Structure formats: structure tokens, C-alpha cells
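Coordinates in review
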Amino acid sequence: MKRLQFGKEKKHINYDLIKATAYWGFRIILVCLLALVFVVYFGQQVNNIGDSMRPVIKNGDIVLVNRMIYDASKPKRGDIIAFKPNGNENSHSYIKRIIGLPGETVQIRDGEIYIDGEKLEEEYKTSEIKDAGTAKEEMTLDGDEYFVLGDNRLNSEDSRVADIGNVKREDILGEAWFILSPGDNFGFI
């Protein structure tokens, strides 16, 4: 007489399939983590409002901001940064160029910028300065402040305006590095 056995079938485990599945699962998780890090640190999008940075950045351009760069280095003169004026989280982000560094004295006289009494020679295209604003008198920046200007100085709300003022290091989101908007501005800044 033959006995019937229920539930005692031998099952074969395919270890190669498990190994391949684990390998691909690990790779997918790794790619997702790398993409997340890239987006968080290098891909914060800021919409540029206005023509204050023309011709480099135009009104409506979508700009990527590198949030990690200033963890490894300090902002430098000439860097184009995104920031929240006076740390106001409800305000839109501004994009401007760093002109004055912490501890320096900045003044605008006769349409020229002076840093610590010496005329600043700029290597990028800007418009003339007709209104010195708050920089008409010498101003010394604190140890965590930056003086910023738009490249289109005839049409820019920047450190010359009391509502914006000097930018504190903690209010800087990062360095603008890439323009996402299609057209002739698309690409690295």
C-alpha cells in the first residue's frame, strides 16, 4: 500500500535567482540614493524673477543651485549666488553676484565700486551704476556678510537697497551653476 504524503514535497531553491535579484535590487537602491543626493545638493531649482542679472541670467530662467559647494569652501567675489533676503523664507529667492566679502569696506563713488579704498576691476559684463543707494557712504561688512549686486545695475534690487541689504552667510542657498531653461541661455553659467 502506498502512503500519500501531503505538504512534504521537496522544493528546490534557486540561489542564482536570489543572488541576481539582490544584486539588481542593491543597484536600483544605490542609483535612487545617488539621484536623491544629486537633486538635493546640486539640483535645487530657483526661478529667476526680473532682469537684474541680464545678460547672464534672464527673467524667467530656471537656475540650478549647488547647495553643497559652500560646505567645502567659502563664497568668493564674482560668484553668482541664490539667497533669501534677510532670511525671509516667504520671499522668493534672489540671484546676484558677490562683490564684497566679509570684513571688507564697500563704497560706490562716481559709478565705480571701491573695496577697501581700491577700485574694483570686474571681468564680466555689467551696466553702469547711476544709483549708489546705501553704498554711497562707506560700509564695512560684518564677519558673515556679503555685498551683492546684479549685473544689470540699472535694474537691480540688491545690497544697495535697504530692504535687501547685505546678505548673511546663513541666508545663502548656494551657487548658481546651470540654467535649465531652453534657448540660448541653456547650459553652464
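Thresholds, definitions, all that
Residues numbered from 1 in each chain as written. Predicted model: local features only at pLDDT ≥ 70, side-chain atom pairs only at ≥ 80, totals over all residues. Heavy atoms only, no water. Helix = DSSP H or I, 4+ residues; strand = E, 2+ residues; numbered from the N terminus. Rg over C-alpha atoms; globule rule 2.2 N^0.38 Å. Buried < 20%, exposed > 50% of the residue type's maximum accessible area, 1.4 Å probe, protein only. Polar contact = N/O pair within 3.5 Å; in protein donor to acceptor, adjacent residues only side chain to side chain. Contact = heavy atoms within 4.5 Å. Phe/Tyr/Trp six-rings, centres within 6.5 Å; stacked < 30°, edge-to-face > 60°. Lys NZ or Arg CZ within 6 Å of the ring centre and 35° of its normal. Pairing = 2+ DSSP bridges.

Turning next to the overall build of the protein chain. Across its full length, the protein chain carries two helices and twelve strands. Going residue by residue from the N terminus, the α and β elements of the protein chain occur as α-β-β-α-β-β-β-β-β-β-β-β-β-β. Computed over the C-alpha atoms, the radius of gyration of the protein chain is 27 Å, more than 25% above the 16 Å expected from 2.2 N^0.38 for a compact globule of 189 residues. For the protein chain, the spread of C-alpha atoms along the three principal axes comes to 115 × 35 × 30 Å. By the burial criterion, 38% of the 189 residues in the protein chain qualify as buried.

The next point concerns the side chain of Gln107. With respect to the helices, strands and loops of the structure, Gln107 is situated in strand β5 (residues 105-109). Owing to a relative accessible area of 11%, Gln107 belongs among the buried residues under this scheme. Engagement of the side chain of Gln107 in a polar contact is seen with the side chain of Arg109, the distance being 3.2 Å. In this view, Gln107 contacts Glu112, Ile113, Tyr114, Ala135, Lys136, Glu137 and Glu138; residues no more than four positions away in its chain are not counted.

Okay, the packing of aromatic side chains next. Within this structure, the stated rule accounts for six aromatic pairs. Where Trp177 meets Phe178, the ring centres are 5.5 Å apart and the plane angle is 50°; that geometry is what we call tilted. By relative accessible area, Trp177 is classed as partly exposed at 22%. On the accessibility criterion, Phe178 (12% relative accessible area) is buried. Connected via pairs of aromatic rings, a cluster forms that spans Trp177, Phe178, Phe186 and Phe188. Over the ring of Trp24 we find Arg27; its NZ or CZ atom is 5.3 Å from the centre of that ring. We note Arg109 situated over the ring of Tyr114; from NZ or CZ to the ring centre the distance is 3.8 Å.

Moving on, we get to the sheet that holds strand β8 (residues 139-140). Strand order in this open sheet of four strands is β7-β6-β5-β8, and the pairing throughout is antiparallel. Each end of this open sheet is capped by a strand with a single partner; those strands are β7 (118-119) and β8. Relative to β7, strand β6 (residues 112-115) is paired through two bridges, and the arrangement is antiparallel. Note that in β7 the partner of Ile115 across the bridge is Glu118.

Within a regular strand, side chains alternate between the sheet's two faces. Relative to β6, β5 runs antiparallel, the two being bridged by four bridges. Paired with Ile108 across the two strands is Ile113, which belongs to β6. Between β5 and β6, which pair antiparallel and follow one another directly, the connecting turn spans two residues, one of which, Asp110, has a positive phi of 50°. Joining the antiparallel neighbours β6 and β7 is a turn of two residues, in which Asp116 adopts a positive phi near 50°.

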